Amino acid sequence: MMALAGSAVGLGNLWRFPYLVGQNGGAAFIFIYLLCVIFLCLPMMFSEFIVGRRSQSDAVTAFQKLAPGTKFHLVGLMGVIASFLIVSFYCVVGGWGVKYFMDACLLRFSSEAAAGTAESYTSFISGAVPPIVYLFIFLALNAVVVFLGVKKGIESFSKVMMPILFLLMVVIAVRSLTLPGASAGLEYLFKADFSKVTSKTVVAAMGQAFFSLSLGVGTIITYASYVDKNENILRCSSVAALSDTVFALIAGCAIIPAVFAFGLSPNEGPGLLFVTLPYIFSNMPFGGLAAILFFLALILAALTSSISLLEVVISYVSQHFKVNRTIVVACSFVCVMALGSLCSLSLGAAPGIRLFGKSLFDLFDYISANILMTGGSILITVFVGWKLGKKTIMEELTNRGSIKVPDWVLNVICFVIRYVAPLAVLVIVLFQ
Ligand code: PHE
């Protein structure tokens with residue numbers, strides 16, 4: 001449960017959620033986001049959980065076991081590819097987190113950062129060597145955890161780090177909320193202005209909910225495959241989804257009120273974290289300590305997510321092709337390092353690395369959140385709703401009748417998995 005929550009809580013909550021809230025009108029966005037989580041994402045999470053736990057296999061073999069002779073395993077393969085693409089650009093941002101954490105520890109935010117201009121951030125991320133060195137450090141941390149294995153590495157790490165992460169974020173939120181002028185930020189976060197809602201807001205909220213809950217790319221299938229048959233799927237998934245949502249809201253409270261307290265605007269885009277925050281930290285009382293805690297939290301959050309992405313690839317290759325886990329970890333390290341370096345270089349040092357008019361970094365981000373994750377989730381719910389069917393869903397959600405769940409709840413979940421979730425997502429995507 002902690003590992004699943006760790007996969008969900010990540011850069012999506014810290015890096016994407018606050019700026020999407022900022023760009024899409026604050027509370028109205030949050031409201032739509034919550035609706036997406038409850039009515040679309042949660043049933044999708046149950047579906048992935050069912051596939052993983054029932055098959056006890058990696059994301060591709062799972063479909064082959066549950067529906068032999070069909071093409072559904074391609075959905076799993078798509079997930080493995082998506083995880084690989086996401087982890088490549090994700091670790092680049094994780095590396096930026098390492099750099100900012102080290103700067104914060106050495107009390108060394110540059111004078112441009114302290115003055116709130118974007119120059120040092122843009123020159124860092126578009127540089128050739130430094131971001132790749134930090135990528136290496138971040139990826140090495142990942143490799144150590146996944147090398148130790150599922151139980152000793154991923155599970156133990158998540159169990160210890162997740163409570164620490166929450167605690168860190170609460171401390172920073174309290175600091176931010178007690179700054180003079182912070183109440184304007186709170187109002188922005190929680191007072192809805194529906195006049196700003198457009199179809200784009202809905203698409204952005206849904207894409208963010210998918211990304212934040214790690215849906216559609218096989219992470220949940222993979223983690224669920226290690227889970228005991230007696231585990232309660234409804235409880236596990238709900239706790240993970242709730243932790244993720246609460247964490248996103250706490251992160252919002254840590255970031256947006258501070259932005260308002262300094263008279264800045266919250267719609268800065270991705271630079272919010274690496275430009276606006278260093279400025280705020282450099283200029284507020286106890287800001288040095290807040291900066292260290294914040295970037296430590298960022299690294300932990302990113303790590304528990306990137307290991308879940310790596311595990312999708314590692315469990316597939318090691319189980320499906322029966323290759324020794326250590327060899328697979330080493331090869332994945334080299335491959336992610338290579339693709340991650342290309343992503344990083346595409347941000348400036350080698351601007352020629354572009355496809356379809358976007359840098360490789362932006363392209364991977366775009367394809368994963370907007371196409372692979374949504375596509376994967378629709379296909380997985382169709383698989384569970386129609387191929388496995390209602391009886392199997394009921395059997396899995398109640399552990400063959402041993403957990404009491406009211407019939408109407410089960411019926412609603414089945415109805416959403418079969419009809420509402422795939423259709424709603426399809427309509428929203430087509431509308432976009
Ligand atoms: N949910 C993670 C985050 O919010 C990202 C992620 C996506 C992790 C897909 C695993 C799978 O940062």
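Procedures and definitions
Residues numbered from 1 in each chain as written. Predicted model: local features only at pLDDT ≥ 70, side-chain atom pairs only at ≥ 80, totals over all residues. Heavy atoms only, no water. Near = heavy atom within 4 Å. Polar contact = N/O pair within 3.5 Å; in protein donor to acceptor, adjacent residues only side chain to side chain. Areas by Shrake-Rupley, 256 points an atom, 1.4 Å probe, with all protein chains shown as cover. Helix = DSSP H or I, 4+ residues; strand = E, 2+ residues; numbered from the N terminus. Phe/Tyr/Trp six-rings, centres within 6.5 Å; stacked < 30°, edge-to-face > 60°. Buried < 20%, exposed > 50% of the residue type's maximum accessible area, 1.4 Å probe, protein only. Lys NZ or Arg CZ within 6 Å of the ring centre and 35° of its normal. Core = buried A, V, L, I, M, F, W, Y, C linked by side-chain atoms within 4.5 Å. Contact = heavy atoms within 4.5 Å.

With respect to the site of the ligand
Okay, step 1: Among the 16 residues in the neighbourhood of the ligand, the closest are listed as A8, L11, G12, Y90 and F211.
Okay, step 2: Here an oxygen atom of the ligand and a backbone polar atom of L11 are 3.0 Å apart.
Okay, step 3: Summarising the interface, the protein chains cover 100% of the accessible area of the ligand, which totals 330 Å² for the free molecule.
Okay, step 4: Of all the elements in the fold, those that place two or more residues in the shell around the ligand are α1 (2-8), α2 (11-23), α11 (199-212) and α15 (287-320).

Side note on the packing of aromatic side chains
Okay, step 1: A complete count under the given rule lists 26 aromatic pairs for this structure.
Okay, step 2: Seen in terms of ring centroids, W96 and Y121 are 6.0 Å apart; in terms of plane orientation they differ by 90°. Their pairing is edge-to-face. Placement of the pair is W96 in helix α5 (residues 73-105) and Y121 in helix α7 (residues 119-125), with a sequence separation of 25 residues.
Okay, step 3: Judged by its relative accessible area of 3%, W96 is buried.
Okay, step 4: With centroids separated by 5.3 Å and ring planes inclined at 40°, the aromatic side chains of Y188 and F260 adopt a geometry described as tilted. Of this pair, Y188 sits in helix α10 (residues 183-190) while F260 sits in helix α13 (residues 233-261), placing them 72 residues apart in sequence.
Okay, step 5: Following the ring pairs from residue to residue traces out a cluster consisting of F89, W96, Y100, Y121, F274, F281, F294, F295 and F361.
Okay, step 6: When the ring centre of Y100 is taken as origin, the NZ or CZ atom of K99, which lies over that ring, is 6.0 Å away.
Okay, step 7: Here the basic side chain of K358 rests over the ring of Y366, its NZ or CZ set 4.7 Å away from the ring centre.

Here's the deal with the nonpolar core
Okay, step 1: Counting 150 residues, the largest nonpolar core has W96, F274, F294, V384 and L397 as the members making the most contacts within it.
Okay, step 2: Other than its neighbours up to four places away in sequence, F294 contacts L14, M169, I172, I255, L273, L277 and F281.
Okay, step 3: Counting 5 residues, the second-largest nonpolar core is a separate cluster that includes V60, V80, V312 and V313.

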